[in-house]
Amino acid sequence: MSIPYVSPQEFSAEILRHLKHSLGKDESHASVYDWRMSLSLALRDHVVDPWFASTRRTYEARGKRVYYLSMEFLIGRLIEDVAVNLGLDAVAEEALSALGQDYAAVVANEPDAALGNGGLGRLAACFMDSLSTLGIPAYGYGIRYEHGLFEQHFEDGAQMETAETWLAQRHAWEFERPEVSYPINFGGHVEEHEGKAVWRAGETVVASAYDTPVVGWQAQWANTLRLWAAKSTTAFDLDSFNRGDYMAASAPEALARTISRVLYPDDTTDTGKELRLKQEYFFTSASIQDLLRRFLSEGGDLRALPDFVAIQLNDTHPAIAGPELVRLLIDEHGFEVSQAITTARSCLAYTNHTLLPEALERWPEDLFIRVLPRHHRIIQLIEAAHIAATGSDIRILEHGEVKMGELAFIMAHHVNGVSALHSELVKETVFADLHSDYPGRIINQTNGITPRRWLYSCNPPLRELINETIGTTWPDDLQQLDGLSVHAKDPAFLDKFQAAKDANKTRLSNWLQARDGVSLNPDAMFDVQIKRIHEYKRQLMNLLETVALWNEIRENPNAGWTPRVKIFGGKAAPGYVVAKQIIHLINDAAKVINADPATREYLQIVYPENYNVSMAEILIPATDLSEQISTAGKEASGTGNMKFALNGAPTIGTLDGANVEIRDCVGAENFFLFGLTAAEVTARRAVPEYARRAVEASPRLARVLQQIEGGVFSSDDKTRYSGLVQGLINHDYFLVTCDFDSYFGTQRDVDKAFADKQAWTRMAALNTARVGWFSSDRTISGYARDIWKTPSLISARGSRQDVA
Ligand code: KOT
């Protein structure tokens, strides 16, 4: 399907039509919100034809479809994304300008759809983009949270949280589907009738669908993201109403709606809350019921389900899909137990995103029985079948807990890690026993990012330079960026590359000035660490290095320091005390250091509030140095690391997650490596008092710790950080102290490298040129080839096949 040409004049008329007929506003009274909604609806109109055409093709093809089940989809804004994929970005801008509107301001009016915490949710959003770009028939399934990830602000440097309210305004992109709804049961008990189990539920809510079309590059294909909202079976309690108790009358609705009310704000931590288990079962059951209904309505025979259905579990949050599918096959469709388990397993695959023990989901068995009594019995059957088949010692139900990782593994035909290193560690650590029970089941699919959002749309100056250098067909064939490599020797090209970076740095500076009144030195190196705040990601080590550098500049002000702006961004889970202390410390240190006239020229710390996807889109193109400094073996992959490299920022990093593969691609000479390896980390933990020894061996570090502990940055409360510092000296599980000297030294290598402008730009350009492999199109092609066995329904890239 080729995209019909729309002139800016025609598009202006379409926007005005929506302003009048959808918003009910006259031009003279329209607010920026009205313009934003009209623009979005005008764009959405152009998605509908490719969407219908893709859906028709999918039904005609009668082939296998992908169902991507994820608790989180961290989407961000959609106007630019949709406009770019439709090829209408320039047209939209011109049309709005012709109407006297500021396009950038209208785009910025859209709230981020922040239905995720971080990497796992953003990956799901990139995957949806790639599934559509590749023309793989797929549905994303998740929860339509009323409140996305909390908003962060700082009070005297401490993180405060407020509720996020993206649905307070109309959501322009979704279509409500009140006719698509399923009952979701909880609680009650299980009865036996003539050898058949009957689940008498205690409580039922309704899952109601909202569909958002996801259009791929050049609108050749569009899939559906279907999000479920919880509603009551009886919206209104008439008895209460008739008694005059109007509040009680709406109680059922309020109760049911709590299930899709709010996203749990914990990244890589298991909350263990009953409501969370209900959320997981709620969206998983709705999704499984939906895909079965679709399959049966097309006349499918359930025994052939695995030939038509590939269900991908985004971590263990939807792991109840296994027992749910088995339950439906047995209880509603008359399958034998073993046949049901085999069939379900052939449909299911599971992606593991972390090895951190605190993230591995386990439910207290009594809670689980209370909420899902029938599924508990099914899990017993699954466990028995697993033991019978393998003789394994591994249990799903153990020590009064239901272990979701083991459940997901046993019920999946493939289990994948998200980087080469991580997948090996999955085999060697968390799932070592299951790996020997089921050899070959664990495979790797290294993560990727969509180049449409993370280069084409967020970085116009670099996009234009690439277009003029290697042509315009790279956005859906990112390995073409390799063609830039030969130009990395050309001083004229490097000047242009640097000019693009400078333009992005200016854009960031203007944005920060307007938003927070902060000025940045444009000649300084922009050194950026943006991600969730977590001890293993070691923002604290970055801050310690910053303080050490401050000390050294003060002592030796004329040593020719490379000016730096240290930029931090990220949220801490509201209940994560240490992470919140780290935020507070960064802000406290910023206050003191930024006020020091002796170092101001060379060192500045900036921590903008409320980091989100939209902020990342401004920060990443403007970055000179990417901080990827997690303790080796702890970051499963990372995807921010890929975004920075793609946008021409070399990495300072450890051999962790996908850093390893990024370094292999860009070349060791274009990557600043430091720190212990994963194996060395394990060995070091066995050394008694390793942290204390590391501090004793490093006067530089010891001094920084004394300053922080002594209240240099917290004169209002001198003991504020004594716990944090003592924690480092006594525990330091993530080896901040052990890697500190190596990190500090490598940062000084970075200083020197940055001082040679042209050599630095060359290194940056080679990063862009050599990371085309990290496109999520490559990742999704890998899943389709190795796990799903799903073909693309569009013809060769570049030629736009008629799918209408
Ligand atoms: C959250 C809760 C339970 C289990 C895992 C998580 C999780 C993992 N959330 N985000 N991750 C990140 O996922 C990204 C995408 O694969 C990785 O790049 C990153 O390293 C993980 O930390």
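Residues numbered from 1 in each chain as written. Predicted model: local features only at pLDDT ≥ 70, side-chain atom pairs only at ≥ 80, totals over all residues.

By the naming in an unreviewed UniProt entry, the protein goes by Alpha-1,4 glucan phosphorylase and is assigned to Roseobacter insulae. Taken directly from UniProt, the Catalytic activity (unreviewed entry) text for the protein runs: "[(1->4)-alpha-D-glucosyl](n) + phosphate = [(1->4)-alpha-D-glucosyl](n-1) + alpha-D-glucose 1-phosphate". Taken from UniProt, the Cofactor (unreviewed entry) comment for the protein reads in full: "pyridoxal 5'-phosphate". (UniProt positions renumbered as here; feature names shortened; annotations may be inferred.)

Asks: Any chance you could explain the sheet that holds strand S22 (residues 625-628) here in plain terms?
Replies: Note: strands within a sheet are paired through backbone hydrogen bonds, in either parallel or antiparallel orientation. Strand order in the open sheet formed by six strands is S21-S20-S19-S22-S23-S24, with parallel pairing between adjacent strands. Pairing within the sheet leaves two strands with one partner each, and these edge strands are strand S21 (603-606) and strand S24 (672-673). Pairing of strand S20 (residues 564-569) with S21, which is carried by four bridges, proceeds in the parallel orientation. When the bridges of S21 are listed, Lys-566 appears paired with Ile-605. (Pairing = 2+ DSSP bridges. Helix = DSSP H or I, 4+ residues; strand = E, 2+ residues; numbered from the N terminus.)

Asks: Which parts of the structure should I look at to understand the domain arrangement of the protein?
Replies: The parts lose accessible area when they come together, and the size of an interface is often stated as this lost area. What the domain assignment lists for the protein is domain 1 (62-77 + 112-151 + 163-233 + 267-447) and domain 2 (451-677 + 739-768). When each unit is reduced to the centre of its C-alpha atoms, the spacing between domain 1 and domain 2 is 35 Å. Listed by partner, the interface residues are 31 residues for domain 1 and 22 residues for domain 2. Elements supplying a minimum of two residues to the side of domain 1 that touches domain 2: strand S2 (73-76), helix H6 (119-133) and helix H16 (420-428). The leading source of residues in the side of domain 1 that touches domain 2 is H6, at five residues. Counted by class, the side of domain 1 that touches domain 2 contains 11 nonpolar, 14 polar and six charged residues. (Domains from an automatic or database assignment. Contact = placed C-beta atoms within 7 Å. Nonpolar A, V, L, I, M, F, W, Y, C, P; charged D, E, K, R; others polar.)

Asks: How should helix H12 (residues 337-347) be read in this particular structure?
Replies: Because an α-helix completes one turn every 3.6 residues, residues spaced three or four positions apart along the sequence face the same direction. Where H12 is concerned, the buried positions are Ala-340, Ile-341, Thr-343, Ala-344 and Cys-347. Projected down its long axis, H12 carries its buried residues within an arc of 165 degrees, all on one side. Contacts made by the buried residues of H12 are with strand S12 (309-314), helix H11 (321-332), strand S13 (348-351) and helix H14 (373-390). (Buried ≥ 20, exposed ≤ 12 C-beta atoms within 10 Å, placed from the backbone. Arc of directions from axis to C-beta.)

Asks: I'm lost on the packing of H11 against H14 in this one. Help?
Replies: Each packed pair of helices is defined by two parameters, the angle between the axes and the distance between the axes. Contact geometry of H11 with H14 gives a least axis separation of 9 Å together with a crossing angle of 95 degrees. Taken as axis vectors, H11 and H14 run roughly perpendicular relative to one another. For the pair formed by H11 and H14, the contact residues are Gly-322, Pro-323, Glu-324, Val-326 and Arg-327 on the first element and Arg-374, His-375, Ile-378, Ile-379 and Ile-382 on the second. The residue makeup of the contact of H11 with H14, split by class, is five nonpolar, two polar and three charged. (Axes fitted to C-alpha atoms, helices over the stretch in contact; angles between N-to-C directions. Parallel < 35°, antiparallel > 145°, perpendicular 65-115°, else oblique.)

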